[in-house]
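# Coordinate inspection notes
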Amino acid sequence: MGAALEIRNLHVSVEDQPILRGVNLTVQQGEVHALMGPNGSGKSTLANTIMGHPAYAITAGQLIFDGEDLLELETDERARLGLFMAFQYPVAIPGVTVANFLRNAINARMKSQDPESKGIGIPAFRKLMLDKMDLLQMDKSFGGRYLNDGFSGGEKKRAEILQMAVMEPQIAIMDETDSGLDIDALRVVSEGVNTLSGPELGVLVITHYQRILNYIKPQYVHIMLDGQIAESGGPELAVHLEEHGYDWLREKQNGNGK
Amino acid sequence: MATRRRVAREFKAPPFTRADVEAVSARYDEPDWLRQLRLEAWATYEGTPMPTTKDEPWRRTDYRHINWDSAGTLLAPNGGQLDDIPAASRQPLLGEEQGGMLAFVDDVVVHHEVSEALTGQGVIFTDLRTAAVEHPDLVRDHFMTHAITPETGKFAALNAALWTHGTFLYVPRGKTVELPAHSIFYTTQPGVSLGHMLVVLEEGAQIDYLHESLSPTLDVDGSFIGATELIVKDGANLRFVSLQDWGHHMFEFSHQRARVGNDAQLDWITGQMGSKFVKAFLEIDLDGQGSWGRMSAVYFPDGKQFMDLDTQQNHNAPHTTSDLLFKGVLKDESRSVWQGMIKALPGAQKTDGFQANRNMLMGNKTRADSIPGLEIEADDVRCTHASATGQIEEEMIYYLMTRGLPRDEAVKLAVDGFFVPVLDRIPFENVRDRMLAYVERKLLGHD
Ligand SMILES: Nc1ncnc2c1ncn2[C@@H]1O[C@H](COP(=O)(O)OP(=O)(O)OP(=O)(O)O)[C@@H](O)[C@H]1O
Ligand SMILES: [Mg+2]
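Residues take numbers from 1 onward in each chain, read along the sequence in its written order. Going through the entries in the order they are written, you letter the chains from A and number the ligands from 1. Only residues with pLDDT of at least 70 are given local features in this predicted model, and only at 80 or more are side-chain atom pairs given and counted; all residues enter the totals for whole chains, interfaces and linings. The side-chain values count all of the structure's non-hydrogen atoms but skip hydrogen atoms and water molecules.

### Comments concerning the pairing of strand E7 (residues 171-175) of chain A
Residue and element names in this part refer to chain A.
- For every residue, the accessible area obtained with a 1.4 Å probe (protein chains only) is divided by the maximum for its type, and the residue is called buried under 20%, exposed over 50%, and partly exposed between those limits. Helix and strand definitions here come from DSSP, where helices need a minimum of 4 consecutive H or I residues and strands a minimum of 2 consecutive E residues; each element is numbered from the N-terminal end. The element E7 is largely enclosed, with a buried count of 5 among its 5 residues.
- Where burial is concerned, the two faces of E7 agree: the one with Ile171, Ile173 and Asp175 and the one with Ala172 and Met174 are both buried.
- Pairing analysis gives 4 bridges linking strand E6 (residues 83-86) to E7, with the strands arranged parallel. Counted as the bridge partner of Met85 is Ile173 from E7.
- Whether two strands pair comes down to DSSP finding at least two bridges between them. Pairing between E7 and strand E8 (residues 202-206): 5 bridges, direction parallel. Counted as the bridge partner of Met174 is Val205 from E8.

What follows is the structure, encoded as structure tokens:
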């Protein structure tokens, strides 16, 4: 069995305001999970907490990846262990080209595995980058642009998946990668993700829409409501949501509570 | 109330006398006209008070901590060699080639080469004293007549009276010079060095020029009192790069000014890395119709460094364009001041002036003052400025770290990216690389 990301009873606050209130979820390498839920329910908070964003304070619970306690690790160490997050809102890095950035990221990983490593050679890197760009049907000129700087919404999302393809993570969280992509781009990007997936890759797809799940097919669907996973099920749960929205779930919760 | 005893700290002048001026002039057996110029400048110097923090350009810039006992002693040449200069600075600028190199150690020429390609075109690239003897008319016409004069300020007058060494670059009418010129001022001793640079491009001439000033760090104060004159005549095109990497004991006081003729172009890039204290006046005068001038800077003080870059974009003629981009990163307890003025004279219609200053602060003990200014007397102009100063963006660092970059590498990438738009204007790849190496050294340093 491969590595697993285990989220156990996770409570998270931002500026003393509780946001996540006891989240439990396990994603194994090779599995595809979808995480849905209304705006503000805490999906991005969960993703960023997993990556170690400094604004999110864990007040209780555990985060474990491949047997390691993530809470002990800095963001970069978590990434080098094999965790990846595609941002809902990617950050622009002016002056740093996509190519330069990717090479730095690869080298950082190689150096952490072997302090003597000289990093990836230029020709090998070029080939790797161009192959992955082909996979995502990106123009070659992309490598020379400043990362996310002046990118359109769709270009940003594509660039996130390009990074994922180059970094080859064990577990990838895709936070609303589908929003901002046009219909063709959604297909291209999803097919790109599918080429990467297999027994080596676990994916947590955060989305509001069923559509991306037609391409990237989840075995499990979870619904987050007010900082908790309120419901888990199979792919049919996403279809149900598309038709009925979240009210039934809220009612069910309230009913349970009373 | 009890009277409090205050130690009155004065804006003390360096301890020079007229005898120093005569001695410097005699040391090289200068022509009479030059000696005369020095003595007149000395009279101007004596008649000009030392600037104080009551003077607007010096309001934020207090040099009273300078120890003139060491920083005001003229250097005594002690057999310095080209090899004393760090190898990175001595490299040719383009692959194996450069058009000429002129290097000074402790004010003395230690290396002078000019390729036949340049001499064949009539280019003169030599030290200023030799030029004054061999090309007296050219030097007399341009030396402290167009750009800087002794009346420009106290330190300009001092440089005029007491300059100890200098460079002269002259490109004749219509000559496009392919290979760049390169000069170096290097000092190994504490004391004062007074350098003068005179660049003259005749009509339609074109060249790229790199100058660098540097020294190791010593444990007592030193100073550099400099003047740079760039004269770019009608239709000429100069790209000028100047790098400053003095040791952390150096105080620099310099006046640097360019005059740009009709349809001429000046692209001026400066990198400010070293020194303890800098007060540099950088000015572009767009004198001719259709002229274009761009001034760009990167500066990166750390420790307790202080840098004041005081710029002026003077639109003196119609249809002129100026563009300024100054970008600074500040670390530790360093401070910077950028004050920039765009001026447009009454006749300077259809001018376009722009200035932007951006500062990235690392830590809350740094301080960057950014003071843009406009003085517009023409009515049909477009002059704008932008400035922004803020702490390094944590969201950016976090994003980079989620890709596996350790914090210090993430910071380096963000800082490199911040500087890149300016560095991309430097026409020499190995100079760009060296600037990035400076940045890395600064980021890794723990002072
Ligand atoms: N850095 C932050 N500072 C302040 N509040 C925050 C921060 N991050 C999240 N929050 C708050 O936490 C709650 C959950 O936000 P989060 O971004 O996790 O929601 P989401 O489920 O991803 O929503 P969406 O579907 O709109 O992306 C919101 O109320 C939000 O305002
Ligand atoms: Mg979100």
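### Let's talk about the environment of Leu210 of chain B
All names here are of chain B.
- Within the secondary structure layout, Leu210 lies in strand E8 (residues 206-214).
- Each C-alpha atom, one on Leu210 and one on Phe428, is 9.0 Å from the other, the two residues being 218 residues apart in sequence.
- Any pair of residues with heavy atoms lying within 4.5 Å of one another is described as a contacting pair. Here Leu210 is in contact with Leu93, Ala181, His182, Ser183, Val241, Leu243, Phe428 and Val431, once residues within four sequence places are set aside.

### Section: the interface of chain B and chain A
- In this complex, chain B contributes 18 residues to the contact, which on the side of chain A involves 31 residues.
- Broken down residue by residue, the surface that chain B buries against chain A is led by Tyr398, Tyr399 and Arg403 of chain B, which jointly contribute 40%.
- For salt bridges, the criterion is a side-chain nitrogen of Lys or Arg within 4 Å of an Asp or Glu carboxyl oxygen. Run the count over chain B and chain A and you get 1 salt bridge.
- Contacts described as polar in this section are N or O atom pairs within 3.5 Å, which, within protein, must combine one atom able to donate a hydrogen with one able to accept it, while residues neighboring in sequence count only if both atoms come from side chains. Scanning the region where chain B abuts chain A turns up 10 residue pairs in polar contact (both at pLDDT 80 or more).
- Put simply, the parts of the chain that give the side of chain B that touches chain A at least two residues each are helix H9 (394-401) and helix H10 (407-423) of chain B.
- Just so you know the grouping, Ala, Val, Leu, Ile, Met, Phe, Trp, Tyr, Cys and Pro go in nonpolar, Asp, Glu, Lys and Arg go in charged, and all remaining residues, Gly too, go in polar. Residues belonging to the side of chain B that touches chain A are distributed by class as follows: 10 nonpolar, 3 polar and 5 charged. For any pair of parts, buried area is found by adding up, for both, the accessible area (1.4 Å probe) each one loses once the two are put together.

### Regarding the nonpolar core
- We call a set of buried Ala, Val, Leu, Ile, Met, Phe, Trp, Tyr and Cys residues a nonpolar core when their side-chain atoms join them within 4.5 Å. In terms of nonpolar packing, the biggest core is built from 114 residues, with Ile7, Leu46 and Ile50 of chain A together with Phe300, Val415 and Phe419 of chain B touching the most fellow members.
- In this structure Phe419 of chain B touches Val298, Tyr299, Phe300, Lys327, Gly328, Val329 and Val439 of chain B, once residues within four positions along its chain are discounted.
- Within the second largest apolar cluster, 47 residues are counted, among which are Tyr45, Tyr63, Ala156 and Val337 of chain B.

### Quick word on the sheet that holds strand E2 (residues 17-28) of chain A
All names here are of chain A.
- Read from one edge to the other, the open sheet built from 4 strands follows the order E2-E1-E4-E5, with strand pairing classed as antiparallel. Edge positions in the sheet fall to E2 and strand E5 (68-69), since each has one partner strand and no second.
- Where strand E1 (residues 4-14) and E2 come together, 9 bridges link them in antiparallel fashion. Each bridged residue has a counterpart across the sheet, and for Ala4 the counterpart in E2 is Gln28.
- Here an axis means a line fitted to C-alpha atoms, over the contact stretch when the element is a helix, while the angle between two N-to-C directions is reported on a 0 to 180 degree scale. Those strands touched by helix H1 (residues 43-51) are E1, E2 and strand E4 (56-65), and its axis lies near 110° from that of E1.

### Let's talk about the site of ligand 1
Residues and elements named next belong to chain A.
- Within the structure, ligand 1 sits among 14 residues, and Lys43, Ser44, Thr45, Tyr56 and His208 are positioned closest to it.
- In this structure, an oxygen atom belonging to ligand 1 sits 3.3 Å away from a main-chain N or O atom of Ser41.
- Within the side chain of Glu176, an N or O atom sits 3.2 Å from an oxygen atom of ligand 1.
- The protein chains shown are the only cover counted for residues, whose accessible areas, like all others here, come from Shrake-Rupley with a 1.4 Å probe. Here ligand 1, which alone exposes 630 Å², has 65% of that area covered by the protein.
- Counting residues per element, the shell around ligand 1 draws most heavily on H1, at 3 residues.
- Broken down by class, the residue content of the shell around ligand 1 amounts to 4 nonpolar, 8 polar and 2 charged. Here, proximity means that at least one heavy atom of the residue falls within 4 Å of the molecule or strand.

### Digging into the packing of helix H2 (residues 32-47) of chain B against helix H8 (residues 154-162) of chain B
Residue and element names in this part refer to chain B.
- At their nearest, the axes of H2 and H8 sit 7 Å apart, and the two run at 155° to each other. Classified by the angle their axes make, H2 and H8 are roughly antiparallel. Regarding H2 and H8, the two cross each other, and that crossing is left-handed. Every residue of H8 that contacts H2 at Arg38, Ala41, Trp42, Thr44 and Tyr45 is listed here: Lys154, Ala157, Leu158, Ala160, Ala161 and Leu162.
- Among the residues forming the contact of H2 with H8, the class breakdown is 8 nonpolar, 1 polar and 2 charged. What sets the label is the angle itself: under 35 degrees gives roughly parallel, over 145 gives roughly antiparallel, 65 to 115 gives roughly perpendicular, and the rest give oblique. Crossings are assigned a handedness: left-handed for a near helix turned anticlockwise from the far helix by less than a right angle, right-handed for a clockwise turn.

Fair warning: the whole summary comes from geometry, so function is off the table for now.
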